[in-house]
Amino acid sequence: MHGFRKNASDNRVLITPQGYIKETGAIGIVSKSGRYGGTFAHLDIALEFAGWLEPSFRLFVSKDYQRLKTEEQRRLNSEWTFSRFLSKVNYHILTETIKENIVPRLEKPESFAYSSEADMLNSVVFGMTASDWRENYLEEVKREI
């Protein structure tokens, strides 16, 4: 690279893509002469080069990437919210069944009668209990509201 950098300031030296590939053994870039020829580069190399040529393009790519990630996160969060809603509905079905069939035989207070069943349901559906969820996501939900 030192040789290329030294020659870059000299206007008499022309660095061609084929010369660069030959001198450096570059991979990810292909250059062909003649009809149907041209220089082709891996997407990452091409985007970096385009960003070097036009800084506003780099800014556009960066902003668009951020927009897409935000949109993806919002979509994933809405799917997660729907899953929470389904779990809540199923929880009511579960508690009604427990109230009718199991609670009359229990000696402990009714408020604790559902906790292990609800934790089991949440663990199966979400991979975590309600208290685990509260610790991990409650602040996030409060910020969004």
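All values derive from a computational prediction rather than experimental measurement.

Asker: Any chance you could explain the side chain of Thr129 here in plain terms?
Answerer: Looking at the element boundaries, Thr129 is found in the loop between helix H5 (115–126) and helix H6 (130–144). A distance of 3.2 Å separates the side chain of Thr129 from the side chain of Ser131, its partner in a polar contact. A polar atom in the side chain of Thr129 sits 3.1 Å from the side chain of Asp132. Thr129 has contacts with Asp119, Asn122 and Ser123, leaving out every residue within four places of it along the chain.

Asker: Honestly, a nonpolar patch on the surface in this entry has me stumped. Any pointers?
Answerer: A surface patch of nonpolar side chains, about 480 Å² in accessible area, is lined by Phe82, Phe85, Leu86, Val89 and Ile93. The class of Phe82 is exposed, set by a relative accessible area of 51%.

Asker: Any chance you could explain unusual backbone geometry here in plain terms?
Answerer: A negative phi holds for most residues other than glycine; trans holds for most peptide bonds. Despite not being glycine, Tyr36 shows a phi value in the positive range, around 65 degrees. Residue placement: Tyr36 occurs in the loop between strand S1 (29–32) and strand S2 (38–41). With a relative accessible area of 70%, Tyr36 lands in the exposed category.

Asker: Just checking my understanding: could you explain the environment of Ile21 for this structure?
Answerer: Relative to the assigned elements, Ile21 resides in helix H2 (residues 17–24). By relative accessible area, Ile21 is classed as buried at 18%. Here the alpha-carbon distance between Ile21 and Ser31, two residues ten residues apart in the chain, equals 8.2 Å. If we ignore the near neighbours within four places in the chain, the residues touching Ile21 are Ala26, Ile29, Val30 and Ser31.

Parameters and conventions
Residues numbered from 1 in each chain as written. Predicted model: local features only at pLDDT ≥ 70, side-chain atom pairs only at ≥ 80, totals over all residues. Heavy atoms only, no water. Helix = DSSP H or I, 4+ residues; strand = E, 2+ residues; numbered from the N terminus. Polar contact = N/O pair within 3.5 Å; in protein donor to acceptor, adjacent residues only side chain to side chain. Contact = heavy atoms within 4.5 Å. Patch = residues over 30% accessible without salt bridge, like charges linked within 9 Å, V, L, I, M, F, W, Y side chains within 5 Å. Areas by Shrake-Rupley, 256 points an atom, 1.4 Å probe, with all protein chains shown as cover. Salt bridge = Lys/Arg side-chain N within 4 Å of Asp/Glu carboxyl O. Buried < 20%, exposed > 50% of the residue type's maximum accessible area, 1.4 Å probe, protein only.

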